[in-house]
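Breakdown of the fold
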Amino acid sequence: MTGVQTCALPIFISGEEEATLDFIGASHNLDINQGVLIDIGGGSTELVSFKDMKMETAASISIGSLNLYLKHVDALLPTSKERKRIEKTVLKEFAGIKNLKGVTAERICGIGGTIRGTLKLCNDIFNLSDSNKIIEVNQLDIVLDMLRNADKTTIRRIIQAVPERIHTIIPGMIELAALAKILESKQIIVSKYGVREGYLYKYVLKEVI
């Protein structure tokens, strides 16, 4: 459940409603008309498959960058064994989403702080412009490999780019990479809009694509 404070609606919304609002918000900032939208939060992940800018399915799974860290990581950064356990958990949770079985997406629309933090880290490591909004999936794999060693250089690199996510960014990236692999994706297009904007469009402006 997610907290959304309003005067007209209940404070909490379901995971599927959050996924719907994510899509409504992101759809005003998308330059792709079909794919899968992913929002990796701290405690849950929302997924929406869409085609011709219309939602087809919406789902929510109860894993996110923070609870993956809390459940699987003992120190600041995950070890190789802990990384494997994180990926195994992600694959198991995704396998339980019946309405996304067999769905593939060459491009993913990514939203939320975890994915924006991943973009920032990738832009920093590959010396890309701050205006770049695309994560190549192979770049994501390279960055995860670069960050495999929990040494001072690794920690310094993360602190420079995303200090507020020092402990959760790698679990979140492992989840994103696992989902991209399942969906056979090559690119992640990062949108600055999400659930807040979706709420605004749906319930305040009454504009829904």
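For the structure itself, consult the block above.
What comes next concerns the included structure. (Residues numbered from 1 in each chain as written. Predicted model: local features only at pLDDT ≥ 70, side-chain atom pairs only at ≥ 80, totals over all residues. Heavy atoms only, no water.)

Focus on the pattern of salt bridges
- Taken as a whole and assessed by the stated rule, the structure comprises 3 salt bridges.
- Residue Arg165 pairs with Glu164 through a salt bridge whose shortest N-O separation is 4.0 Å.
- Residue Glu164 is classed as exposed on the basis of its relative accessible area, which comes to 54%. (Salt bridge = Lys/Arg side-chain N within 4 Å of Asp/Glu carboxyl O. Buried < 20%, exposed > 50% of the residue type's maximum accessible area, 1.4 Å probe, protein only.)

Considerations on the side chain of Ser44
- Mapped onto the elements of the fold, Ser44 is located in the loop between strand S3 (34-40) and strand S4 (45-51).
- Judged by relative accessible area, Ser44 falls into the buried class, the value being 19%.
- With sequence-adjacent residues up to four places away left out, Ser44 is seen in contact with Glu18, Asp39, Ser60, Ile61, Ser62, Ile63 and Gly64. (Helix = DSSP H or I, 4+ residues; strand = E, 2+ residues; numbered from the N terminus. Contact = heavy atoms within 4.5 Å.)

Concerning the nonpolar core
- Judged by nonpolar contacts, the single largest core of 45 residues is most densely connected at Ile38 and Ile188.
- Those residues in contact with Ile38, other than ones at most four positions away along the chain, are Thr45, Glu46, Leu47, Ile108, Cys109, Gly110, Ile111, Ile115, Leu179 and Leu183. (Core = buried A, V, L, I, M, F, W, Y, C linked by side-chain atoms within 4.5 Å.)

Quick word on the packing of helix H3 (residues 80-95) against helix H7 (residues 169-182)
- H7 packs onto H3 with a crossing angle of 50° between their chain directions and a minimal axis gap of 9 Å. What the angle tells us is that H3 and H7 run oblique. The two elements H3 and H7 meet at a crossing, and its hand is right-handed. Where H3 abuts H7, its residues Arg83, Ile86, Glu87, Val90, Leu91 and Phe94 lie against Ile170, Pro171, Ile174, Glu175, Ala178, Leu179 and Ile182.
- Here the residues of the contact of H3 with H7 are counted per class, giving 10 nonpolar, no polar and 3 charged. (Axes fitted to C-alpha atoms, helices over the stretch in contact; angles between N-to-C directions. Parallel < 35°, antiparallel > 145°, perpendicular 65-115°, else oblique. Left-handed = near helix turned anticlockwise from the far one by under 90°. Nonpolar A, V, L, I, M, F, W, Y, C, P; charged D, E, K, R; others polar.)

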